[in-house]
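Here is how the chains run, residue by residue.
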Protein chains: 2
Amino acid sequence: MRMINVGIIGFGTIGNGVVKVLKSKRSFLKDIVVELIGGVRPAKDIILEALREGKHVVTANKALLSESGYQIFNLANTLGLAVGFEASVGGGIPIIKSLKEGFVANRIDLIYGIINGTSNFILSKMAEEGYGFKEALKTAQAKGYAEKDPSLDIDGIDSRHKLSILALLGFGIPSKAEEIYTEGIRDIEPADIQYAREAGYSIKLLAIAKRAGDSLELRVHPTLIPKAHLLADVNGVYNAIFVKGDLIGENLFFGEGAGASPTSSAVVSDIVTIAKDISRGGRIEKSIAFRKEVKEIKKMDEVRMRFYIRFSAIDKPGVLAKISGILGHHRISIASVSQKESKAGRIVPVVMMTHEAKEHDMVMALKEIDRLSVVKKRTVRIRVEG
Amino acid sequence: MRMINVGIIGFGTIGNGVVKVLKSKRSFLKDIVVELIGGVRPAKDIILEALREGKHVVTANKALLSESGYQIFNLANTLGLAVGFEASVGGGIPIIKSLKEGFVANRIDLIYGIINGTSNFILSKMAEEGYGFKEALKTAQAKGYAEKDPSLDIDGIDSRHKLSILALLGFGIPSKAEEIYTEGIRDIEPADIQYAREAGYSIKLLAIAKRAGDSLELRVHPTLIPKAHLLADVNGVYNAIFVKGDLIGENLFFGEGAGASPTSSAVVSDIVTIAKDISRGGRIEKSIAFRKEVKEIKKMDEVRMRFYIRFSAIDKPGVLAKISGILGHHRISIASVSQKESKAGRIVPVVMMTHEAKEHDMVMALKEIDRLSVVKKRTVRIRVEG
């Protein structure tokens, strides 16, 4: 039996978890660099140097891979070395291996899901307990599910990092941060969760990679999804990812998306895969096979979706006609309207569901509507899928 | 580039599907035997002969693998050949690869789920449309989801085959047909679906492999699961499999469990994996690594579960006391009772939910109860999980 050396860089919760697992499995593995420090620097230099020194790499660093994955994978492929990155998306869920190997025969059409457990925990608390955003965030922080500075999670940045990796793997296209529309959950109000529920929807923070011809929609935003959809029942810190392919139809993966144990499971799975490849002899399996499946990333302005919109308007005759008129002028047609209260002369919430409309048209229409003297607060707009 | 020959035996729907996919992917693959004929004979001889001739094998044959998997995998391991069997369980769902590789660091504690789409379609129709079993079966047959002779699916045999493979993979233990308690869905009545729903449960045909100390529970039967459980929302011909491991917690896989396209996706994934192994040189990855994780399969009589029971008893004073007395005598305690109608002197349904009780105790209690003169029909008993 060959000895394979494993060096582990970064000894936080996950690093400790991995070492514990490797020890408990009485593993014979030594030599492979495991990078678990997070953040782009100095992780990038460490990984590039390790590869140049002929070492295989296992990493859970989604920020780095979303920024420099294309470069790192290309270098590894050129050098005939492996980069394992199962732990970078979905914790212990084997989504990377499934996209790379299990679904190899498929043309992937759509990948979407809940890939940030912190945001999902907060939205679940708001839905279940009627908490406001801040109260739910505090609960998440008290339970250790959210950082003291929670921006990475609640502003959708972590989801964007992971979506970028999934898009590279599923559609063969690298993406820059500014090419992925990213909106977090800070502005979600209990009222919207309530009104969405009355209309038969749950609100979830979704990351979406959707093929549209030879371009790809890439976006992260709060989304209304129908109650009957499996994602609507994914609560707490869990992750859930749908993959739609031409042969498999829709496949769902569900599990714990973070935490020391699930992440360790993924890291060790990568280490074992590479170690087996080494001990079997022969060439190493490529980390990623680049297929140029789509030509470009679609501009968000051009994306078509349905919308939930909530106006805070003065309750007086003619207001609804005025709002509808502006929407119509911008080619947006209304599927349903419901005025939630009635108090003549006072501000009341009016909730609309639209048919499919272009993002750009909606932006322009809302700009115009929010300038009306009868509209007293910024209009809330949440996208709808499913 | 080495040429790898692929021979395909069995040219039904799936065989055609695989050939179509391989052609459309302009695959360079030739030489690997793909067995898609189904049934134990002559498939077993073909596979054993192919291995002895030094050929790798890909098969979707769950009946054969459940009967002779241990022998086939051992022979392949000895000869350094691969047996791909991703398509044998869950269609296009990458459950085999995930158990073998993705979860390699985990001690698996529990695998359970809906692994027969036909039965799930029938139960869904009964729940959604109020159909009786026969009517729902006819609908399934008209849609091509059930065979003319549907026994393999509706009597739980297909689920048993697949469970046997999952148990071999997840717990390292081969099982004989008679060691897996198997009960199908023929006797499920609309009334039970209705009463279960009133109590907050759905009825699904589950296959369950549950570690209990160093023994393993293996069983296939209709099961009440709470409405809030993700499996309760899996309807139609879909499959869904939960895997619980010490590191990953609970992971769910959901997708189309049968049909030409999803099955082809799995077969081609196996072919590509083996072809890559061959073309990289070096030794071949073992089809299965046997770990003796549990010592024995637990006898069904010894398994402890909660139960739903429906009595058809004469509505008169003292009947409930008599029934409760017999249950108590057999160490079965009652969690709730609900008498569904009241018609003095007539037969009425009485539904009970019990606390955890031993299968053997329940069998003995029901024998005694069904002999009572006030009990007019055989008592219905459905197990509860979750």
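Residues numbered from 1 in each chain as written. Chains lettered and ligands numbered in written order. Predicted model: local features only at pLDDT ≥ 70, side-chain atom pairs only at ≥ 80, totals over all residues. Heavy atoms only, no water.

### Topic: the interface of chain A and chain B
Here's step 1: Residue-level contacts link 44 residues of chain A with 44 residues of chain B.
Here's step 2: Buried surface at the junction of chain A and chain B, both sides included, amounts to about 3700 Å², of which 53% is carbon and sulfur.
Here's step 3: For the interface between chain A and chain B, the tally reads four salt bridges.
Here's step 4: Residues Arg-280 of chain B and Asp-277 of chain A are paired through a salt bridge, measuring 3.1 Å at the closest nitrogen-oxygen approach.
Here's step 5: Where chain A packs against chain B, one counts 14 residue pairs in polar contact (both at pLDDT 80 or more). (Contact = heavy atoms within 4.5 Å. Buried area = accessible area lost by both parts, 1.4 Å probe. Salt bridge = Lys/Arg side-chain N within 4 Å of Asp/Glu carboxyl O. Polar contact = N/O pair within 3.5 Å; in protein donor to acceptor, adjacent residues only side chain to side chain.)

### Side note on the domain arrangement of chain A
Residues and elements named next belong to chain A.
Here's step 1: Each assigned domain of chain A is listed with its residue range as follows: domain 1 (4–92 + 259–288), domain 2 (103–256) and domain 3 (300–384).
Here's step 2: Taken together, the contact between domain 1 and domain 2 spans 15 residues of the former and 13 residues of the latter.
Here's step 3: For the pair domain 1 and domain 2, the summed buried area comes to about 1100 Å², and 76% of that belongs to carbon and sulfur atoms.
Here's step 4: For the pair domain 1 and domain 2, the interface holds one salt bridge.
Here's step 5: Between Asp-158 and Lys-62 there is a salt bridge whose closest N-O contact spans 3.4 Å. (Domains from an automatic or database assignment.)

### Remarks on the relation of the copies chain A and chain B
Here's step 1: Aligned on chain B, chain A shows an RMSD of 0.0 Å; the corresponding rotation is 180° and the shift along the axis is 0.0 Å. Read as a symmetry element, the transformation amounts to a two-fold axis. Scanning chain A for the C-alpha nearest the rotation axis identifies Gly-282 of chain A, at a separation of 2.1 Å.
Here's step 2: Taken together, the interface assignments show that 100% of the residues at the interface of chain A recur at the interface of chain B, consistent with an identical surface on both copies. (Least-squares fit on C-alpha atoms with pLDDT ≥ 70 in both.)

### Some thoughts on the pairing of strand E14 (residues 347–354) of chain B
Residue and element names in this part refer to chain B.
Here's step 1: Of all eight residues that make up E14, seven are buried, and the element is covered over most of its length.
Here's step 2: In this sheet, E14 lies alongside strand E12 (residues 304–314) in antiparallel orientation, the contact comprising seven bridges. By the bridge assignment, Ile-309 is partnered in E14 with Met-352.
Here's step 3: Here strand E13 (residues 334–339) runs beside E14; their pairing, made up of five bridges, is antiparallel. Across the sheet, Ile-334 pairs through a bridge with Thr-354, a residue of E14. (Buried < 20%, exposed > 50% of the residue type's maximum accessible area, 1.4 Å probe, protein only. Helix = DSSP H or I, 4+ residues; strand = E, 2+ residues; numbered from the N terminus. Pairing = 2+ DSSP bridges.)

### A short note on the packing of aromatic side chains
Here's step 1: A full pass over the atoms with the stated rule returns 13 aromatic pairs over all chains.
Here's step 2: A centroid spacing of 4.9 Å and a plane angle of 65° characterise the contact between Phe-121 of chain A and Tyr-145 of chain A, whose relative ring orientation is edge-to-face. Note that Phe-121 of chain A is positioned in helix H5 (residues 117–129) and Tyr-145 of chain A in the loop between helix H6 (133–142) and helix H7 (151–154), a separation of 24 residues in sequence.
Here's step 3: In this structure Phe-121 of chain A comes out as buried when scored by relative accessible area, which is 7%.
Here's step 4: Assessed through its relative accessible area of 36%, Tyr-145 of chain A is described here as partly exposed.
Here's step 5: Here Tyr-238 of chain A and Phe-254 of chain A contribute two aromatic rings whose centre-to-centre distance is 4.8 Å and whose plane-to-plane angle is 15°, an arrangement assigned as stacked. In this pair, Tyr-238 of chain A sits in strand E9 (residues 238–245) while Phe-254 of chain A sits in strand E10 (residues 249–256), placing the two residues 16 residues apart along the sequence.
Here's step 6: On the accessibility criterion, Tyr-238 of chain A (25% relative accessible area) is partly exposed.
Here's step 7: Of the residues examined, Phe-254 of chain A reaches a relative accessible area of 8% and is grouped as buried.
Here's step 8: A connected cluster of aromatic rings, assembled from ring pairs, spans Phe-103 and Phe-253 of chain A together with Phe-103 and Phe-253 of chain B. (Phe/Tyr/Trp six-rings, centres within 6.5 Å; stacked < 30°, edge-to-face > 60°.)

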